[in-house]
Amino acid sequence: MSRRPLFPRPTSRPLRPASVQGPSSFQGPSSSRGTSAARRPLPAGPLPLALLAAAVLTGLTGCSSAGASAGGGVEVVVGYQSKTINTVTAGTLLRARGYFEQQLAAEGKKNGRTYKVSWQDYDSGAPITAQMLADKTDIGSMGDYPLLINGSRAQEAGGAGTRMISVTGYNELGALNSVVVPNGSPAHTLADLKGRKVSTSVGSAADGTLVQALRKAGVQDTEISKQNQQPAIGASALKAGSVDALAQFVAWPGQVVFGGDARLLYDGAALARPTLHGVVVRQKYATEHPEVIEAFLRAQADATRYLNEQPLAASQEVAAATGLAPEVVHLYNGPNGIATFGLPLRPELLAALREDVPFLKSVGVLKALDLDSFVDPSYLAKAALPEIAPARITGTDAVCGQPVTDPAKAGEIWFDGEDRTRPAATPACLLKAVKAAAGKKVRAAYVPDATTGTRWFADKDHWAQDGADLLPFTTEDGLKAYLAAHPGAKQIGYEQALAAS
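Please read these numbers as outputs of a predicted model, since none were measured by experiment. (Residues numbered from 1 in each chain as written. Predicted model: local features only at pLDDT ≥ 70, side-chain atom pairs only at ≥ 80, totals over all residues. Heavy atoms only, no water.)

**Description of the pairing of strand E3 (residues 74–80)**
Burial within E3 is extensive, with seven of its seven residues counted as buried. Of the two faces of E3, both are covered, the one formed by Val74, Val76, Val78 and Tyr80 as well as the one formed by Glu75, Val77 and Gly79. In this structure, E3 lies alongside strand E4 (residues 115–121), joined through seven bridges in parallel fashion. Within E4, the residue paired with Tyr80 across the bridge is Asp121. (Buried < 20%, exposed > 50% of the residue type's maximum accessible area, 1.4 Å probe, protein only. Helix = DSSP H or I, 4+ residues; strand = E, 2+ residues; numbered from the N terminus. Pairing = 2+ DSSP bridges.)

Spelled out as structure tokens, the structure:
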């Protein structure tokens, strides 16, 4: 009996385009990018269980493509993207806390086997797919477009193929992808990028957001000079002035804006198209070692629960492991953050994947893809994981003296020297708290966009005053749209907003 289709049928929503990913994007990793556990030390921290598990597994060596070590143990190779921080529950944080090794050690006590985990770190999803097709990587995490390309390429190659088994982080409006420009750039809208050099990773979800956003602005992607670069290279090129804009996925836009090198030109949430990252496995390996895959999902759930229950500590651990600013990690991964973390293959996320496929086929990236066989919820079902509540800002706003109840208005302040953040019920309350703490350094003040809800840095936002309301907007476009619809509102600067509070 054939399986019931998992994917809802397309609605009338327009397709979310992506750019073609050329064959060069699927070359194997260079020696400088792929790093195994033996060569890349874990970040310092209290990891006694992880170290214990690692000690048990130290003696194992073997061939990852076979999944079996010379000593009779089982090896699993995990490809991840340390700096793509909405995959941390299947990568950076998971590795740092040793949850996978702990789960495998427990499994080994039951079945008598020994397990070894080899971690391979990459800048994007394409090289992970290349390694999976070469039977050298068994589990990987990547974004939505790379996931679909992974499934298509694996099905095209024949054999057992690959399967998407869970989600890591997602944003229902697409805010994980955005476009930034230097502070002094003359560009105020995407249309101003016509004829300019724009750095992106071709074939990524960020590239897809760029393509669709440009077309919505009346600009074809062929009318810009697209530079196909890895995120870190693109960020450096933006700082050096060799490109005019950077279109990237989390956490690069936030990193360069927080560092004072850029401003947000386009918020991906304006497209209102879900974007997500997820976990994919080699089906041959998964069939031979289902206990490893179930252990991985249990470990991913442990990492997800820890991130949602201890968001500030998790942000600091990820920052320590990646070199990203803790304030930037927390922007995305904190409570009410740009990324929401959860494993389930939610219907609205699967519907977004279905809508991506026709465009990817039309540009020749996907020759064919059977979505219903590629997305496999059976492993999650077998793991029988309890539901994990996402992190939300809670508590009482001390300055305004009211509970935080509306996530569309709730903010968060991180003062220097404090080991916990303070909740703010509204943008005005957040401004009052900053103003009342005069002389106390603010590490970061986070507030949601008045229209899209995208969480951003309060001092990097564009502000409007509308009667008694003080309203933040992530982009100049968003502010202008609001002002046009509300003639009584006026634009003010951040310092004016503080004074008005």
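**Details of the pattern of salt bridges**
Here the structure, examined in full by the defined rule, presents 20 salt bridges. In this structure, Lys367 and Glu156 form a salt bridge, with 3.4 Å as the shortest nitrogen-oxygen distance. Note that Lys367 is positioned in the loop between helix H13 (347–362) and helix H14 (371–374) and Glu156 in helix H5 (residues 144–157), a separation of 211 residues in sequence. Here Lys367 falls in the exposed class, since its relative accessible area comes to 67%. The shortest N-O distance in the salt bridge between Glu327 and Arg443 comes to 2.9 Å. (Salt bridge = Lys/Arg side-chain N within 4 Å of Asp/Glu carboxyl O.)

**Side note on the packing of H5 against H13**
The interhelical angle for the contact between H5 and H13, taken along N-to-C directions, is 65°, at an axis separation of 10 Å. Judged on the interaxial angle alone, H13 and H5 are roughly perpendicular. Considering the relative orientation of H5 and H13, their crossing is right-handed. Touching Asp144, Tyr145 and Leu148 of H5 are Leu353, Asp356, Val357 and Leu360, all from H13. Grouping the constituent residues of the contact of H5 with H13 by class yields five nonpolar, no polar and two charged. (Axes fitted to C-alpha atoms, helices over the stretch in contact; angles between N-to-C directions. Parallel < 35°, antiparallel > 145°, perpendicular 65-115°, else oblique. Left-handed = near helix turned anticlockwise from the far one by under 90°. Contact = heavy atoms within 4.5 Å. Nonpolar A, V, L, I, M, F, W, Y, C, P; charged D, E, K, R; others polar.)

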